[in-house]
Amino acid sequence: MARSPEKSATTAVRWRTMTAEQLISFARGAPSLDIVDVEGLKAAAVRAFEADPAGLTAYGTSVGYLPLRKWIADKHGVTPDQVLVTNGSLQADAFLFDYLVDEGDAVVVERPTYDRTLLNLRQQGAEVHAVTITPDGVDTDELRKLLESGVRPKLAHIIPNYQNPAGVTLSLEKRRALLALAVEYGFTIFEDDPYADIRFRGEALPSMLSLDEHGVVVHASSFTKTVCPGVRVGYLVGPAAVIADIAKRATNLYISPGMVAQGIVHQFCVSGDIDRSIRTVCDALGERAGLLAAALREHIPGVRFTEPDGGYFLWVELPDDVLAADVFVAAQERGVAVVKGSDFVAEGGEHALRLAYSAVTADRIDEGVRRLAAAVEAVRR
């Protein structure tokens, strides 16, 4: 049923007068403050300045804060010269795209995929080929058919764990299949993996980086999801020659990334605080994901989704008579923020939403879904 102009105007006025506290936002993939270890970070900052004041306050090198670089290398079982520490994982993405992708080059992405991946690749002038996501990750049979048709990508961008936005995890079988395809057809797998540690069900799967015997994988991750977004610390792991070339470009761009933030993250990691932080985040988000799934089933009949085993996001397919663009507006009017599925695909997504449960505390999830349900009912055709 369409909304009447009078009701729509009244609701819009109510939305504009809502405070930030009254808004329930499923839009941003960031943790709520209650699950950020602020005290641990404060203590890590003190230790960092006490342990290495010269290193934190001086220019560093483009490869990042060297003690953190080594910690990351040890975590992934590689040598430090295979690691570049960056200002967030999005910068790591940008460095690799700039290094590997020229205008007109073919690149494979998942459909749907992270919206900023699409933006960055379009800015590079890449020819983007989207391959369908299934409940166990990217459709490797569809990818093989694409490759057999003659497409020769420079790289395939894959988010293997609790994918943003779909929330699904790439199966071990498909990880191995992707590696085999990369070797056979000569492309790089960009394993973009910031959510791997945020697992609240199931067993951890090996990274493609750890399975790679041919040097076809470049891996990226971030401390945004396990520590907090404000530290802006991410990294690339890959063949030493690739990392060295990217480091030269980074030197020309900014001399070095932020030593203070990286020094704090290093102390947070070596103290073991990061393990406690991960447990806190996993416990909280596991509860929130379960509550969100239950509320969607109760309040919005007909929606389809794969309940995630980890990460920050749940992808919702709306009934065919509901357009996400209409829901987006109607939800805003009711004080709930969502993201349209069309933001994550080159074409399509008109009946989908991405819901981030990371920033919504457990006591507000049911109310947020009730508001979303009212928005859906208001715009049904």
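Everything here concerns the structure above.
Bear in mind that the values here come from a model prediction, so they are computed numbers and not experimental data.

Peer 1: Quick rundown of the overall build of the protein? Include the residues and the values.
Peer 2: In terms of regular secondary structure, the protein is built from 14 helices and 13 strands. What you see for the protein is a C-alpha radius of gyration of 21 Å, in line with the 21 Å of a compact globule of 381 residues. When its C-alpha atoms are laid out on the principal axes, the protein stretches across 60 × 55 × 40 Å. Buried residues in the protein amount to 54% of all 381 residues.

Peer 1: Requested: an account of the packing of aromatic side chains, with residues and values cited.
Peer 2: Going through the model one piece at a time under the given rule, you end up with eight aromatic pairs. Geometrically, the ring pair formed by Tyr195 and Tyr312 is tilted, given 6.0 Å between the ring centres and 55° between the ring planes. Taken together, the residues Tyr195 in the loop between strand S7 (188–192) and helix H9 (208–211) and Tyr312 in the loop between helix H12 (273–299) and strand S10 (313–317) connect sequence positions 117 residues apart. Here Tyr195 matches Tyr312 in class, with each residue buried. Residues Phe223 and Tyr235 carry aromatic rings whose centres are separated by 5.9 Å and whose planes lie at 50° to one another, so their mutual orientation is tilted. Within this pair, whereas Phe223 is found in the loop between strand S8 (217–222) and strand S9 (234–237), its partner Tyr235 is found in strand S9, the two being separated by 12 residues in sequence. Residue classification places Phe223 among the buried residues on the basis of a relative accessible area of 4%. For Tyr235, a relative accessible area of 2% gives the class buried. Pairwise contacts between aromatic rings join Trp71, Phe223 and Tyr235 into one cluster. Between Lys225 and the ring centre of Tyr312, over which it is positioned, the NZ or CZ distance is 4.9 Å. Lys340 extends its terminal NZ or CZ atom over the ring of Phe328, reaching a point 4.5 Å from the ring centre.

Peer 1: So what's going on with the pattern of salt bridges? Residues and values would help.
Peer 2: In this structure the tally under the stated criterion is 21 salt bridges. Ionic pairing is found between Lys75 and Asp197, a salt bridge with its closest N-O pair at 3.4 Å. Taken together, the residues Lys75 in helix H4 (residues 66–76) and Asp197 in the loop between S7 and H9 connect sequence positions 122 residues apart. Exposure remark for Asp197: the relative accessible area of 34% places this residue in the partly exposed category. Salt bridges sharing common partners tie together Asp37, Arg47, Asp273 and Arg276.

Peer 1: Can you tell me about the sheet that holds strand S6 (residues 155–158), naming the residues and giving the values?
Peer 2: An order of S2-S9-S8-S7-S6-S3-S4-S5 is seen for the eight strands of this open sheet, with the pairing classed as mixed. If you trace the sheet from one side to the other, it starts and ends with strand S2 (83–86) and strand S5 (137–138), each paired once. Relative to S9, S2 runs antiparallel, the two being bridged by four bridges. The partner of Leu84 across the bridge, within S9, is Leu236.

Peer 1: Give me the lowdown on the side chain of Ser62, citing residues and values where you can.
Peer 2: Among the secondary structure elements, Ser62 is positioned in the loop between helix H3 (53–57) and H4. Side chain to side chain, Ser62 and Thr251 meet in a polar contact 2.9 Å long. Discounting chain neighbours no more than four positions away, the residues touching Ser62 are Leu84, Val85, Ala247, Ala250, Thr251, Tyr254, Ile255, Ser256 and Pro257.

Peer 1: I'd like a description of unusual backbone geometry, backed by residues and values.
Peer 2: Omega for the bond connecting Arg111 with Pro112 falls within 30 degrees of zero, at 5°, which places this linkage in the cis form. The residue Pro112 is located in the loop between strand S3 (106–111) and helix H6 (115–124) in this model. Of note, Tyr162 is a non-glycine position whose phi angle comes to about 50°, a positive value. Locating Tyr162 in the fold gives a position in the loop between S6 and helix H8 (172–185). The class of Tyr162 is buried, set by a relative accessible area of 4%.

Peer 1: A description of the environment of Arg334 should follow, citing residues and the corresponding values.
Peer 2: Within the secondary structure, Arg334 sits in the loop between helix H13 (324–333) and strand S11 (336–337). The class for Arg334 is buried, based on a relative accessible area of 19%. Spatially, the C-alpha atoms of Arg334 and Tyr59 are 48 Å apart, while their sequence positions differ by 275 residues. Within the structure, the side chain of Arg334 is placed 2.9 Å from the backbone oxygen of Ala330, a separation counted as a polar contact.

Peer 1: Any details on the pairing of S9? Residues and values, ideally.
Peer 2: In S9, alternate side chains face the same way, and those of Gly234 and Leu236 on one face and Tyr235 and Val237 on the other are all buried. Sheet topology places S8 next to S9; four bridges connect them, and they run antiparallel. Note on S9: the bridge partner recorded for His219 is Val237.

Peer 1: Just give me the short version of H4, but keep the residues and values in it.
Peer 2: If you check which residues of H4 are buried, you get Leu68, Arg69, Ile72 and Ala73. Seen from one end, H4 has its buried residues packed into an arc of 140°, which puts them on one side. Contact partners of the buried residues in H4: S2, S9 and helix H11 (259–270). Positive backbone phi, at 70°, marks Gly77, one or two positions downstream of H4.

Peer 1: Kindly report on the environment of Ala284, identifying the contributing residues and their values.
Peer 2: Relative to the helices and strands, Ala284 is located in helix H12. The buried category is assigned to Ala284, whose relative accessible area is 12%. Distance from Ala284 to Ile246, taken between C-alpha atoms, is 37 Å for residues 38 residues apart in sequence.

Definitions and limits used
- Residues numbered from 1 in each chain as written.
- Predicted model: local features only at pLDDT ≥ 70, side-chain atom pairs only at ≥ 80, totals over all residues.
- Heavy atoms only, no water.
- Helix = DSSP H or I, 4+ residues; strand = E, 2+ residues; numbered from the N terminus.
- Rg over C-alpha atoms; globule rule 2.2 N^0.38 Å.
- Buried < 20%, exposed > 50% of the residue type's maximum accessible area, 1.4 Å probe, protein only.
- Phe/Tyr/Trp six-rings, centres within 6.5 Å; stacked < 30°, edge-to-face > 60°.
- Lys NZ or Arg CZ within 6 Å of the ring centre and 35° of its normal.
- Salt bridge = Lys/Arg side-chain N within 4 Å of Asp/Glu carboxyl O.
- Pairing = 2+ DSSP bridges.
- Polar contact = N/O pair within 3.5 Å; in protein donor to acceptor, adjacent residues only side chain to side chain.
- Contact = heavy atoms within 4.5 Å.
- Arc of directions from axis to C-beta.

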